[in-house]
Amino acid sequence: MHLPPNQLAALAAVLRYGSFETAAASLHVTQSAISQRIQNLEERVGFILVERGAPCTGTKEGIRLAKHAEDLRLLERQALEDVGVGASAGPGRVKIAVNADSLATWFAPVLRGVDGLLIDYMIDDQDHSADWLRRGVISAAVTAANQNVPTCDFHDLGAMRYIATASPDFVERWCRAGITKETLSGAPMFRFNAKDGLQTAWLHREFGLKANPPSQMLPSTQAFVEAVLQGAGWGMNPAPLVEDHIRAGRLVALGERPEYDVHLSWQVTRALAPALIDLTRGVRAAARSVLTENVTPS
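Only a predicted model underlies this, so the values are computations on that prediction, with no experimental measurement involved.

Caption draft 1: Spatial organisation of the overall build of the protein chain. Looking only at helices and strands, the protein chain has 12 helices and 11 strands in total. Structurally, the protein chain occupies a C-alpha span of about 70 × 40 × 30 Å along its principal axes. For the protein chain, buried positions account for 47% of its 298 residues. Taking contacts inside the protein chain between residues at least 6 apart in sequence as the whole, the part at least 24 apart equals 71%. For the protein chain, the exposed surface amounts to about 14400 Å²; the carbon and sulfur share of it is 51%. Across the protein chain, the 29 positively charged side chains and the 32 negatively charged ones have centroids separated by 2 Å.

Printed below as a string of structure tokens:
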């Protein structure tokens, strides 16, 4: 089955912008032309690809085909560069997944981007971003090092170090008898979201505590640190964001082994790896500036 490039481009634009009107403007055609292309593509493949609404969203099949369209654009651009006409190819686009703590600590240099490449970012936990790769929704991701995807090239990045921290006031209020399994089992803790298992993993390693203490969710890396500084709870915070606070006495490192390392990797869909080589170099260079090679037992 042949999928016309103009129909695939229309699908990708509609799902990117969430609007037939905006998609039409981006492709310099009329809105009716976009509608016709989407309708023809849906008839060709036999699936509904776009859920019409405000905004428009993609069905499972639509999301997969839209990514295929973006992949073709990347490969076309790479081929044109290989034969010396890359300047006329226009930018490619790639969707990647990065966990919020990496974005807040070491990923910033990558945000400058790569010449000729537009990057759409998806935020997800490193333990779950590999699932997006397996499902073909994204082309590259920062993942946990034990989440190897067979269809991807794997690059070790090092370990993000977290430190179990609380404010001195919090420790005085909740842990007067010391930092123990008993005191922390009742002390309020923060979690980034429902996928965040760092706090419970550290509690289990440090104290053998398997139960979940009372928790509250706060899905912002910076606000997470601020809330711990304010004494509203304790949590596992990235070392680069709290080491100065610990030295200044604004935060206290908890337990005998407060450090907990999360080993990270960068995985790239193998078919697109040559087209994304500059992005991969940028990610690996940025990781070397912050991540540690000396991993603490977890």
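Back to the text.
Caption draft 2: Examining the side chain of Thr165 more closely. For Thr165, the position within the fold is in strand S6 (residues 152-166). Overall, the relative accessible area of 0% leaves Thr165 in the buried class. Excluding residues within four positions of it along the chain, Thr165 makes contact with Val228, Trp234, Gly235, Asn237, Val242, Ile246, Leu251, Val252 and Leu254.

Caption draft 3: Seen up close, the side chain of Thr280. Relative to the helices and strands, Thr280 resides in helix H12 (residues 277-288). Judged by relative accessible area, Thr280 falls into the buried class, the value being 5%. Here Trp266 takes part through its side chain, which lies 3.0 Å from a polar atom of the side chain of Thr280. Excluding residues within four positions of it along the chain, Thr280 makes contact with His155, Trp266 and Val268.

Caption draft 4: Fine view of the nonpolar core. Counting 44 residues, the largest nonpolar core has Ile96, Trp106, Leu157, Trp202, Trp234, Trp266 and Leu279 as its most contacted members. Ignoring any residue separated from it by four or fewer positions in sequence, one finds Leu279 in contact with Val94, Ile96, Val110, Val114, Leu117, Ile119 and Trp266. By size, the runner-up hydrophobic cluster in this structure holds 20 residues, among which are Ala13, Ala23, Ile38 and Ala66.

Caption draft 5: Examining the layout of surface pockets more closely. Considered as a void within the structure, the largest pocket measures approximately 480 Å³ in volume. Considering the residues around the largest pocket, the lining is formed by 18 residues, among which Ala9, Arg16, Ala69, Glu70 and Arg73 are closest to the centre. Elements represented by at least two residues in the lining of the largest pocket include exactly helix H1 (5-17), helix H2 (20-27), helix H4 (60-82) and strand S3 (92-98). No other element matches the 7 residues that H1 contributes to the lining of the largest pocket. Partitioned by chemical class, the residues of the lining of the largest pocket number 11 nonpolar, 2 polar and 5 charged. Considering only enclosed or pocket space, the second largest pocket measures out at about 360 Å³ in volume. As for the second largest pocket, its lining consists of 20 residues, of which Leu15, Arg16, Ile63, Ala66 and Lys95 are closest to the centre. Grouping the constituent residues of the lining of the second largest pocket by class yields 9 nonpolar, 4 polar and 7 charged.

Caption draft 6: Highlighting the pattern of salt bridges. Enumeration according to the criterion identifies 15 salt bridges in this entry. Where Arg77 meets Glu81, a salt bridge forms, and the shortest distance between an N and an O atom there is 2.4 Å. Residue Arg77 and its partner Glu81 are located together in helix H4, separated by 4 residues, close to a single helical turn. Of the residues examined, Arg77 reaches a relative accessible area of 15% and is grouped as buried.

Caption draft 7: Structural view of helix H3 (residues 31-45). In this model H3 runs 21 Å from its N-terminal to its C-terminal C-alpha over 15 residues, within 8% of the 21 Å that 1.5 Å per residue would give. Regarding H3, the residues found buried are Ile34, Ile38, Leu41, Glu42 and Val45. Buried positions in H3, seen along its axis, are confined to an arc of 100 degrees and lie on one side of it. Every exposed residue of H3 that faces more than 90 degrees away from the buried side is listed here: Ser32 and Glu43. For H3, the elements touching its buried residues are H1, H2, strand S1 (50-51) and H4. Taken from the residues just after H3, Gly46 is the one with a positive phi, measuring 80 degrees.

Caption draft 8: Representation of the packing of aromatic side chains. One pass over the structure, following the stated rule, counts 6 aromatic pairs. Measuring from centroid to centroid gives 5.7 Å for Trp202 and Phe207, while their planes differ by 90 degrees, and the two rings are edge-to-face. By relative accessible area, which is 0% here, Trp202 ends up buried. Aromatic rings pair up to connect Trp106, Phe107 and Tyr121 into one cluster. It is Arg135 that lies over the ring of Trp132; its NZ or CZ is 4.4 Å from the centre.

Here is what the cut-offs are and how they apply
Residues numbered from 1 in each chain as written. Predicted model: local features only at pLDDT ≥ 70, side-chain atom pairs only at ≥ 80, totals over all residues. Heavy atoms only, no water. Helix = DSSP H or I, 4+ residues; strand = E, 2+ residues; numbered from the N terminus. Buried < 20%, exposed > 50% of the residue type's maximum accessible area, 1.4 Å probe, protein only. Contact = heavy atoms within 4.5 Å. Areas by Shrake-Rupley, 256 points an atom, 1.4 Å probe, with all protein chains shown as cover. Lys, Arg positive; Asp, Glu negative; His and termini not counted. Charge placed at Lys NZ, Arg CZ, Asp CG, Glu CD. Polar contact = N/O pair within 3.5 Å; in protein donor to acceptor, adjacent residues only side chain to side chain. Core = buried A, V, L, I, M, F, W, Y, C linked by side-chain atoms within 4.5 Å. 1 Å grid on protein atoms, 1.4 Å probe; cavity = no way out; pocket = protein on both sides within 12 Å on 5 of 7 lines; lining within 4 Å. Points joined across faces, edges and corners; volume = space filled by probe spheres on them. Nonpolar A, V, L, I, M, F, W, Y, C, P; charged D, E, K, R; others polar. Salt bridge = Lys/Arg side-chain N within 4 Å of Asp/Glu carboxyl O. Expected span 1.5 Å × (residues − 1). Arc of directions from axis to C-beta. Phe/Tyr/Trp six-rings, centres within 6.5 Å; stacked < 30°, edge-to-face > 60°. Lys NZ or Arg CZ within 6 Å of the ring centre and 35° of its normal.

The values reported here are purely geometric and, on their own, carry no functional implication.
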